[in-house]
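Residues per chain are reported as follows:
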Amino acid sequence: MSYFNSFLVVDDDIDVIELMTSLLAEKNTKLLTARSGKEALEVLKKDPSIDLVITDIRMPDMDGIALLKEIKKNTPNIEVIIMTAYTSLSYAISAVNLGAERYIQKPFQLNEMQLAIKQVEDKLKLRKENQSLIEKLEHAKQELENKNEKLNQLDKLKDEFISTVSHELRTPLTIMKEFVSILLDKISGGLTEAQEEHLHAVQNNIERLALLINDLLDITKIESGKLNLAKTETDLGSLIKDVVSSFETPARKKEITLTFDSPSFPPVIIDPGRIVQVITNLIGNAIKFTPEKGSIGISAEKNNDYIEISVADTGIGINSGDFEKIFNKFEQINRLAGSGAKGTGLGLAISKRLVELHGGSIRVESPVTPDGKGSRFTFSLPLITNIPEL
């Protein structure tokens, strides 16, 4: 297989042209000839398929060096082999500097010319293979871009669907919640013990569904960049203390010891509602995944230019292989023996993004107790007051 399209041999010596014609016949490639540099340029204009020119230097009208300059100026991809009877090395240097592939002294040996042509053919082969690879890569890139565009469109439709459905579900849920409250308050009449128990179950599930809807709306807003933080100067110690106090009753029911240790800090610039959401999620998870008579410790301490808030429990812990994916959307990790308690798989994903929007980070460690149990979630908040809006 030849990688040449066509040759052009340029020489005013008919014997050289005949010799080159005989030599190149084995290539089974179209061979064109010219007797001067000007004639060669005319041939090149008429036939753009030429990819190798073999030219003498000493010719009438336009010599080989001038022809080489014109070829490299107008069609730099055409390869050129220079032939000459000149013995001066300066011609060879000049030809190579101008872009000639090889410089061959006349009279030349056939094997020398064959080797020069073979080198050009190998170069053309590599160039065509590279071009083919580039075209394949461009095609693959275009296909990938098209698929990414479709995925982005689907993702946008998904977010719009979740947002729309979540908003639409809020109204009937609110109505159901109000009517359940009316029934439980016995405004419309008395209830049997079984009826009251059933209504409490309905109320709990309504609240759980409402939390799920809020989580779906939050993650949609965060990922679409539409969640705006309402930052204000906040006493972080008091904020954490209030959140911890709200969990005293559920902790007491499981006989879990709940403690909070925090030194005094200067006020920080945060969105207090969103940081409450993060701390609530972490403490809620700790209570959910800590067995009875365990303990949960909440602490805050200054670390350089950050305040680090930690929630540590004495539960069974988390497998280190789950550390990364535990912050992914809809990822549910079994942290207890058996099936374990499960949530929506959105709480930690939202918490991570809310912390990052504040310029901080969140991490998990496990185990944290001497007996190889427990988990600790720690998130940081900058102490600086000029946090840029994201």
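Here is a short report on the structure shown in this document.

What counts, and at which threshold
Residues numbered from 1 in each chain as written. Predicted model: local features only at pLDDT ≥ 70, side-chain atom pairs only at ≥ 80, totals over all residues. Heavy atoms only, no water. Salt bridge = Lys/Arg side-chain N within 4 Å of Asp/Glu carboxyl O. Helix = DSSP H or I, 4+ residues; strand = E, 2+ residues; numbered from the N terminus. Buried < 20%, exposed > 50% of the residue type's maximum accessible area, 1.4 Å probe, protein only. Polar contact = N/O pair within 3.5 Å; in protein donor to acceptor, adjacent residues only side chain to side chain. Contact = heavy atoms within 4.5 Å. Pairing = 2+ DSSP bridges. Axes fitted to C-alpha atoms, helices over the stretch in contact; angles between N-to-C directions. Left-handed = near helix turned anticlockwise from the far one by under 90°. Nonpolar A, V, L, I, M, F, W, Y, C, P; charged D, E, K, R; others polar. Lys, Arg positive; Asp, Glu negative; His and termini not counted. Phe/Tyr/Trp six-rings, centres within 6.5 Å; stacked < 30°, edge-to-face > 60°.

In this section: the pattern of salt bridges. As enumerated under the stated definition, the model contains 17 salt bridges in all. Across the pair D56 and K106 runs a salt bridge, and its minimum N-O distance is 3.2 Å. Taken together, the positions of D56 in strand β3 (residues 50-56) and K106 in the loop between β5 (102-105) and α5 (110-184) put the pair 50 residues apart, joining distant regions of the chain. The pair formed by D56 and K106 is uniform in burial state, with each residue classed as buried. Between K123 and E101 there is a salt bridge, with its nearest N and O atoms 3.0 Å apart. Here E101 lies in the loop between α4 (89-97) and β5 and K123 lies in helix α5, a separation of 22 residues in the sequence. The exposure class assigned to K123 is partly exposed, which follows from its relative accessible area of 34%. By relative accessible area, E101 is classed as partly exposed at 25%.

With that settled, the discussion passes to the side chain of K106. Note on K106: relative accessible area 17%, which makes it buried. Separated by 2.6 Å, the side chains of K106 and D11 make a polar contact. Within the structure, the side chain of K106 is placed 3.2 Å from the side chain of D56, a separation counted as a polar contact. Here K106 is in contact with D11, V16, D56, M83, T84 and A85, once residues within four sequence places are set aside.

Quick look at the sheet that holds β5 now. Pairing is parallel across the open sheet formed by five strands, whose spatial order is β2-β1-β3-β4-β5. Taken across any chain shown, the strands that pair with only one partner, and hence form the sheet edges, are β2 (30-34) and β5. Taken over all neighbouring pairs, the strand axes of this sheet differ in orientation by 20° on average, direction set aside. The sheet contact formed by strand β4 (residues 79-84) and β5 spans four bridges and is parallel. Residue pairing in the sheet places T84 in a bridge with Q105 of β5.

The next subject is unusual backbone geometry. Cis geometry marks the peptide bond from K106 to P107, where omega comes out at -15°. Checked against the element boundaries, P107 lands in the loop between β5 and α5. P367 follows S366 through a cis peptide bond whose omega is 0°. Residue placement: P367 occurs in the loop between β11 (362-365) and β12 (375-382). The backbone of D61 sits at a positive phi, close to 70°, despite the residue not being glycine. Relative to the helices and strands, D61 is located in the loop between β3 and α3 (64-74). Not every positive phi belongs to a glycine, and K186 is a case in point at roughly 60°. Along the chain, K186 turns up in the loop between α5 and α6 (193-223). When its relative accessible area of 41% is taken as the criterion, K186 is described as partly exposed.

Look at helix α9 (residues 272-289) against helix α10 (residues 347-357): their axes get within 9 Å of each other, and the N-to-C directions meet at 145°. Relative to α10, the crossing made by α9 is left-handed. From α9, R274, Q277, V278, N281, L282 and N285 reach across to α10, where they touch G347, L348, I350, S351, L354 and V355. Class assignment for the residues of the contact of α9 with α10 results in six nonpolar, five polar and one charged.

Within the secondary structure, K72 sits in helix α3. E79 provides the closest opposite charge to the buried, salt-bridge-free K72, at an N-O distance of 4.3 Å. Among the polar contacts made by the side chain of K72, one reaches the main-chain carbonyl oxygen of P76 at a distance of 3.3 Å. Here the side chain of K72 touches I78 through a polar contact of 2.8 Å, landing on its backbone oxygen. Those residues in contact with K72 that sit more than four places away from it in its chain are I78, E79, V80, L98 and G99.

In total, this model carries two aromatic pairs according to the counting rule given. Seen from their ring centres, F4 and F7 are 4.6 Å apart, and the 50° between their planes marks the pair as tilted. There is no split in this pair, since F4 and F7 are both buried. Ring geometry for F327 versus F377: centroids 6.2 Å apart, planes at 80°, classification edge-to-face. Highlighted residues: F327 in the loop between β10 (306-313) and α10 and F377 in strand β12, separated in sequence by 50 residues.

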